[in-house]
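Chain residues, written in single-letter form:
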Amino acid sequence: MYYDSLTKQEREVLKYVIWGLSNAEISRMMYLCEGRVTAIVCNLYAKYGIMENHRAKLIVSRLKELGINTRDLTA
């Protein structure tokens, strides 16, 4: 799964996950219900093959494995 294939909403959630925000914080920033954010995060886990709950580090690690520049996400 490549970053380019994520939806705009998934990319935004991913950015906030990388920043270390909780689902509740993300939901407030994006004006979404927390359940929707949780669903998006779960979908990101599935798309990137992440089973553990070490969110940001695992996602960033997986993106780097795929050759994706994570600097663009956190700037």
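Coordinates for the structure precede this section.
Residues numbered from 1 in each chain as written. Predicted model: local features only at pLDDT ≥ 70, side-chain atom pairs only at ≥ 80, totals over all residues. Heavy atoms only, no water.

Undergrad: In this structure, what is going on with the overall build of the chain? I would like to understand it.
TA: Helices and strands together make up the secondary structure of the chain, namely five helices and zero strands. When the helices and strands of the chain are read in sequence order from the N terminus, they spell out α-α-α-α-α. Here the chain, with 75 residues, has 37% of them falling under the buried criterion. Taking the intrachain contacts of the chain between residues at least 6 apart in sequence as the baseline, contacts between residues at least 24 apart amount to 51%. When the accessible surface of the chain is summed, it comes to about 4700 Å², and 52% of that surface belongs to carbon and sulfur atoms. (Helix = DSSP H or I, 4+ residues; strand = E, 2+ residues; numbered from the N terminus. Buried < 20%, exposed > 50% of the residue type's maximum accessible area, 1.4 Å probe, protein only. Contact = heavy atoms within 4.5 Å. Areas by Shrake-Rupley, 256 points an atom, 1.4 Å probe, with all protein chains shown as cover.)

Undergrad: Got a minute to help me understand the environment of Ile40 in this structure?
TA: Here Ile40 shows up in helix 3 (residues 34–47). In this structure the C-alpha to C-alpha distance between Ile40 and Leu14, which are 26 residues apart in sequence, comes to 8.8 Å. Setting aside residues no more than four positions away along its own chain, Ile40 makes contact with Gln9, Glu10, Val13 and Leu32.

Undergrad: Where do I start with the nonpolar core in this structure?
TA: For soluble globular proteins, the rule of thumb is that nonpolar side chains tend to be buried together. The biggest cluster of nonpolar side chains holds 20 residues, and the ones touching the most others in it are Val13, Leu14, Ile26, Leu44 and Leu63. In contact with Leu44, not counting residues within four places along its chain, are Leu6, Glu10, Val13 and Leu14. (Core = buried A, V, L, I, M, F, W, Y, C linked by side-chain atoms within 4.5 Å.)

Undergrad: Please clarify how the pattern of salt bridges should be interpreted in this entry.
TA: It is possible for side chains bearing opposite charge to pair when their charged atoms get close. Scanning all chains against the criterion turns up one salt bridge. Here Lys47 ties to Glu10 by a salt bridge, and the two come within 2.7 Å at their closest N and O atoms. Residue Lys47 is found in helix 3, and its partner Glu10 is found in helix 1 (residues 8–19); the two are separated by 37 residues along the sequence. (Salt bridge = Lys/Arg side-chain N within 4 Å of Asp/Glu carboxyl O.)

Undergrad: How should I be thinking about the packing of aromatic side chains in this particular structure?
TA: Any two aromatic rings considered together are summarised by their centre-to-centre distance and by the angle between their planes. Under the defined criterion, the tally for this structure stands at one aromatic pair. Here the aromatic rings of Tyr16 and Trp19 are separated by 5.2 Å at their centres, their planes lie at 70°, and the arrangement is edge-to-face. Separated by three residues within a single helix, Tyr16 and Trp19 lie in helix 1, roughly one turn from each other. Take Tyr16: its relative accessible area is 7%, and that puts it in the buried class. By relative accessible area, Trp19 is classed as partly exposed at 41%. (Phe/Tyr/Trp six-rings, centres within 6.5 Å; stacked < 30°, edge-to-face > 60°.)

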